[in-house]
Amino acid sequence: MSLRIGDTAPDFTIDTQFGPIRLHDWAGDSWVFFFSHPADFTPVCTTEMGRTAELATEFAKRNVKPLGLSTDSVAEHIEWIKDVNDTQSTSLEFPIVADVDNKVAEAYEMIHPGESETAAVRSVFIIDPNKKIRLTMTYPMSVGRNFDEILRVIDALQTSDANGVATPADWLPGGKVIIPPSVSTEDADAKFPQGYETIRPYLRYTQLNG
Ligand code: BEZ
């Protein structure tokens, strides 16, 4: 049975380059950007790790902890991180799970045998502070992820949670948001005193303050 949006993220205890972590305890009250990569010492993965390290303050601003994973060992992670820092001009400070027996990769269905029998594909799980899976993405081994999109979906989820709204196609922070059809006109009038535009009864836009 695959993991789905709304499911509780399976908990696990596993080694990282900083020692063992238990996911739910380590996450605490933060969101988690949990992402797998196929292998240490590979080019696309090196750029993804560098980009995640580079965005450390952007993740922190959003109360998000990055957590990487591959099926390589802690010793390999430690050596590879030196290369990542060297080649990507970063300082990688977030933990990378050493899933040497594929235990976590299997629980999160990160191994797609059509791509590889042993290495993880590029999975993303955005996990909220209640430990619920809020978003999943799966990329093939040959395609590096778009980290602007990862920050954008985190912004969209957090904006949606905070304001009871949805976000339209290609939304960016500061853009108009959508009042969900489940909100009655009476409730929309009360909740959005700044006003809103009704294109259709089911399509209402508003601009959030601030
Ligand atoms: C890479 O990170 O470059 C990579 C890893 C595994 C398969 C293909 C590409």
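Up top you'll find the structure we're talking about.
The structure reproduced in this document is the subject of the present report. (Residues numbered from 1 in each chain as written. Predicted model: local features only at pLDDT ≥ 70, side-chain atom pairs only at ≥ 80, totals over all residues. Heavy atoms only, no water.)

**Quick word on the packing of aromatic side chains**
Inclusion rule: When two rings of Phe, Tyr or Trp (its six-membered ring) have centres within 6.5 Å they constitute a pair, described as stacked for plane angles under 30 degrees, edge-to-face for angles over 60, and tilted for the intermediate range. Relative accessible area decides the class of each residue, using a 1.4 Å probe on protein chains only: under 20% of the type maximum gives buried, over 50% gives exposed, and in between gives partly exposed. Secondary structure elements are taken from DSSP: a helix is a run of H or I of four residues or more, a strand is a run of E of two residues or more, and numbering for both begins at the N terminus.
The tally for this structure, following the rule as stated, stands at eight aromatic pairs. For the ring pair phenylalanine 33 and phenylalanine 35, a centre distance of 4.4 Å and an interplane angle of 0 degrees mean the geometry is stacked. A residue is classified by how much of its surface remains accessible, and phenylalanine 35, at 0% relative accessible area, is buried. Ring centres of phenylalanine 35 and phenylalanine 94 lie 6.0 Å apart, and the angle between their planes is 45 degrees; on these two criteria the pair is classed as tilted. Here the residue phenylalanine 35 occupies a position in strand S3 (residues 31–36), and phenylalanine 94 occupies one in the loop between helix H4 (74–88) and strand S5 (96–98), the gap between them amounting to 59 residues. Across the pair, phenylalanine 94 and phenylalanine 35 agree in class, each one buried. Connected via pairs of aromatic rings, a cluster forms that spans Phe33, Phe35, Phe59, Phe94 and Phe147.

**Here we look at the nonpolar core**
One recurring pattern in soluble globular proteins is that nonpolar side chains are buried together. Our working definition: The set of buried Ala, Val, Leu, Ile, Met, Phe, Trp, Tyr and Cys residues whose side-chain atoms join them within 4.5 Å is what this entry labels a nonpolar core. Contacts between residues were defined by any pair of non-hydrogen atoms, one from each residue, lying within 4.5 Å.
Core analysis: the largest hydrophobic core is formed by 25 residues, its most contacted members being Phe33, Met49, Phe59, Leu92, Ile126 and Ile150. Going through the elements one at a time, S3, helix H2 (43–54), H4, strand S6 (122–127), strand S7 (133–139) and helix H6 (147–163) are the ones with two or more residues in this core. Not counting the four nearest positions on each side in its chain, phenylalanine 33 is found in contact with Thr52, Phe59, Val64, Lys65, Pro66, Leu67, Val124, Phe125, Ile126, Phe147 and Ile150. Of all hydrophobic cores here, the second largest spans 22 residues; its members include Leu3, Ile14, Ile21 and Ala27.

**Some points on the sheet that holds strand S10 (residues 203–206)**
The criterion, for reference: Paired strands, in this sense, are two strands between which DSSP finds at least two bridges. Structural elements are reduced to axes, namely lines fitted to C-alpha atoms, with helices fitted over the stretch in contact, and the angle between N-to-C directions of any two is expressed from 0 to 180 degrees.
The three strands are arranged S8-S10-S9 in an open sheet whose pairing can be described as antiparallel. Strands with a single pairing partner mark the edges of an open sheet, and in this sheet they are strand S8 (177–179) and strand S9 (197–200). Neighbour-to-neighbour, the strand axes of this sheet turn through a mean angle of 35 degrees, independent of strand direction. Both S9 and S10 contribute to a ladder of three bridges, which runs antiparallel. Pairing of glutamate 197 across the sheet is with tyrosine 205, part of S10.

**Considerations on the pattern of salt bridges**
How we decide: When a carboxyl oxygen of Asp or Glu lies within 4 Å of a side-chain nitrogen of Lys or Arg, that pair is called a salt bridge.
For the structure shown, the criterion picks out 13 salt bridges. A salt bridge links glutamate 48 to arginine 145; the shortest N-O distance between them is 2.6 Å. Placement of the pair is glutamate 48 in helix H2 and arginine 145 in the loop between S7 and H6, with a sequence separation of 97 residues. In this structure, glutamate 54 and arginine 51 form a salt bridge, with 2.8 Å as the shortest nitrogen-oxygen distance. Within this pair, glutamate 54 and its partner arginine 51 are both found in helix H2, separated by three residues, close to a single helical turn. Judged by its relative accessible area of 51%, glutamate 54 is exposed. You can call arginine 51 partly exposed: its relative accessible area is 27%. Counted as one network, the salt bridges with shared partners bring together Glu58, Lys61, Arg62 and Asp155.

**Some points on the environment of methionine 110**
When you line up the elements, methionine 110 lands in the loop between helix H5 (103–107) and S6. A C-alpha to C-alpha distance of 8.5 Å links methionine 110 and threonine 138, two positions 28 residues apart in sequence.

**Side note on the site of the ligand**
Put simply, the rule is: If a single non-hydrogen atom of a residue is within 4 Å of a molecule or strand, that residue counts as near it. Areas reported as accessible are Shrake-Rupley estimates using a 1.4 Å probe. Residue values count occlusion only from the protein chains shown. Three classes are used, and their members are as follows: Ala, Val, Leu, Ile, Met, Phe, Trp, Tyr, Cys and Pro are nonpolar, Asp, Glu, Lys and Arg are charged, and the others, Gly among them, are polar.
Close to the ligand lie Pro38, Thr42, Pro43, Val44, Cys45, Arg122 and Met141. Contact with the protein chains removes 74% of the 270 Å² of surface that the ligand exposes when unbound. Examining the composition of the shell around the ligand, we find that three residues originate from one element, H2, more than from any other. By residue class, the composition of the shell around the ligand is five nonpolar, one polar and one charged.

**A closer look at H2**
Rules: Here a helix's expected span is defined as the number of its residues, less one, multiplied by 1.5 Å.
Spanning 12 residues, H2 covers 17 Å between terminal C-alpha atoms, matching the ideal 16 Å at 1.5 Å per step. Residues Cys45, Thr46, Glu48, Met49, Gly50, Thr52 and Ala53 constitute the buried set of H2.

**Side note on the packing of H2 against H4**
To keep things clear, this is the line we draw: Oblique is the label for any angle not covered by the other classes, which are roughly parallel (under 35 degrees), roughly antiparallel (over 145) and roughly perpendicular (65 to 115).
At a minimum axis separation of 9 Å, H2 and H4 run at an interaxial angle of 75 degrees. Here H2 lies roughly perpendicular to H4, going by the angle between them. Within the contact between the two elements, H2 uses Cys45, Thr46, Thr47, Met49 and Gly50 and H4 uses Trp80, Val84, Thr87 and Gln88. For the contact of H2 with H4, the per-class residue count stands at four nonpolar, five polar and no charged.

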